[in-house]
Amino acid sequence: MIKSLNKEECQLILSQNYIGHLAYIYQNKPFVVPITYFYSDNRIICYSGDGHKISAMRQHDKVALEVAEITSITNWRSVAAHGQFIELERSSAKAMLHEFSLGVKDVIMRKELRDLDFISEFSAKIDSDDIPTIFIINIEEFTGKIRHD
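Nothing here was measured: the structure is a model prediction, and the numbers come from that model.

Asker: Just checking my understanding: could you explain the overall build of the chain for this structure?
Answerer: Within the chain, the regular secondary structure consists of four helices and eight strands. Walking the chain from its N terminus toward its C terminus, one meets helices and strands in the order β-α-β-β-β-β-α-β-β-α-α-β. A total of about 8400 Å² of accessible surface is found on the chain, and carbon and sulfur atoms cover 52% of it.

Asker: Explanation requested: unusual backbone geometry in the structure shown.
Answerer: Most peptide bonds take the trans form, and the phi angle of most residues other than glycine is negative. Positioned with a positive phi, Gln27 is a non-glycine residue whose angle comes to about 50°. With respect to the helices and strands, the residue Gln27 is situated in the loop between strand S2 (19-26) and strand S3 (29-36). Positive phi, normally seen in glycine, also occurs at Asn42, with a value near 60°. Looking at the secondary structure, you find Asn42 in the loop between strand S4 (38-40) and strand S5 (43-48). With relative accessibility at 28%, the residue Asn42 sits in the partly exposed group.

Asker: Would you take a moment to explain the side chain of Asn17 for this structure?
Answerer: Its place among the elements puts Asn17 in the loop between helix H1 (7-15) and S2. If we ignore the near neighbours within four places in the chain, the residues touching Asn17 are Tyr37, Val67, Glu69, Val107 and Lys111.

Asker: Whenever I open this one, the confidence of the model for the chain confuses me. Can you help?
Answerer: In low-pLDDT segments, the atomic positions of the prediction should not be examined closely. Averaged over all residues, the pLDDT of the chain equals 89, while 88% of them reach at least 70. Across the chain, strand S7 (residues 75-87) holds the top mean pLDDT of 98, while helix H4 (residues 119-127) sits lowest at 53.

Asker: Sorry, what's going on with the pairing of S2 here?
Answerer: Every other side chain in a regular strand lies on the same face of the sheet, so the side chains alternate between the two faces. Sheet analysis places S2 next to S3, joined by eight bridges and oriented antiparallel. Considered in S3, the bridge of Leu22 is made with Val33. As consecutive antiparallel partners, S2 and S3 are separated by two residues, and within that stretch Gln27 has a phi angle of approximately 50°, a positive value. One ladder, built from three bridges, connects S2 with strand S6 (residues 62-72); its direction is antiparallel. Across the sheet, His21 pairs through a bridge with Glu66, a residue of S6.

Asker: Is there a simple way to explain the packing of aromatic side chains in this structure?
Answerer: Aromatic ring pairs are defined here through the distance separating the ring centres and the angle between the ring planes. A complete count under the given rule lists four aromatic pairs for this structure. Residues Tyr26 and Phe31 carry aromatic rings whose centres are separated by 6.3 Å and whose planes lie at 65° to one another, so their mutual orientation is edge-to-face. With relative accessibility at 21%, the residue Tyr26 sits in the partly exposed group. Residues Phe85 and Phe135 carry aromatic rings whose centres are separated by 5.2 Å and whose planes lie at 50° to one another, so their mutual orientation is tilted. Pair noted here: Phe85 is in strand S7 and Phe135 is in strand S8 (residues 133-147), with a separation of 50 residues, a long-range link. An aromatic cluster is present here, built from Tyr24, Tyr26 and Phe31 joined pairwise through their rings.

Calculation notes
- Residues numbered from 1 in each chain as written.
- Predicted model: local features only at pLDDT ≥ 70, side-chain atom pairs only at ≥ 80, totals over all residues.
- Heavy atoms only, no water.
- Helix = DSSP H or I, 4+ residues; strand = E, 2+ residues; numbered from the N terminus.
- Areas by Shrake-Rupley, 256 points an atom, 1.4 Å probe, with all protein chains shown as cover.
- Buried < 20%, exposed > 50% of the residue type's maximum accessible area, 1.4 Å probe, protein only.
- Contact = heavy atoms within 4.5 Å.
- pLDDT = per-residue confidence, 0-100.
- Pairing = 2+ DSSP bridges.
- Phe/Tyr/Trp six-rings, centres within 6.5 Å; stacked < 30°, edge-to-face > 60°.

This is the structure in structure tokens:
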């Protein structure tokens, strides 16, 4: 049986995961790429080096993030969060990168029951002037489905 998820159920799935598929438009073509994210306060925090997806989202700021938890063909949950790409700069970017790194580490510790020592990598980026492009997706709409036996 497949049923729709409500907003709270969609938010729960987003908050319990950290890898999703980012969808964006470039030259009138859809692209979907995997990305690490952190969900907080009705927004998705991400980072990326300058390149194709950042250039594309600067031109067309409507994007989506899909997150799926798939156990089997008859047991899965999936959420799509649609929203607006907003690039952050300077101190707000550094603060958001810090929130991202702490948040992702917490999700991994809870979900996978293991600790990761990557905070120092992000701390080094936060303290340098050469930080990646930090952006948020302000969520405008959620859609979600669940199927279970």
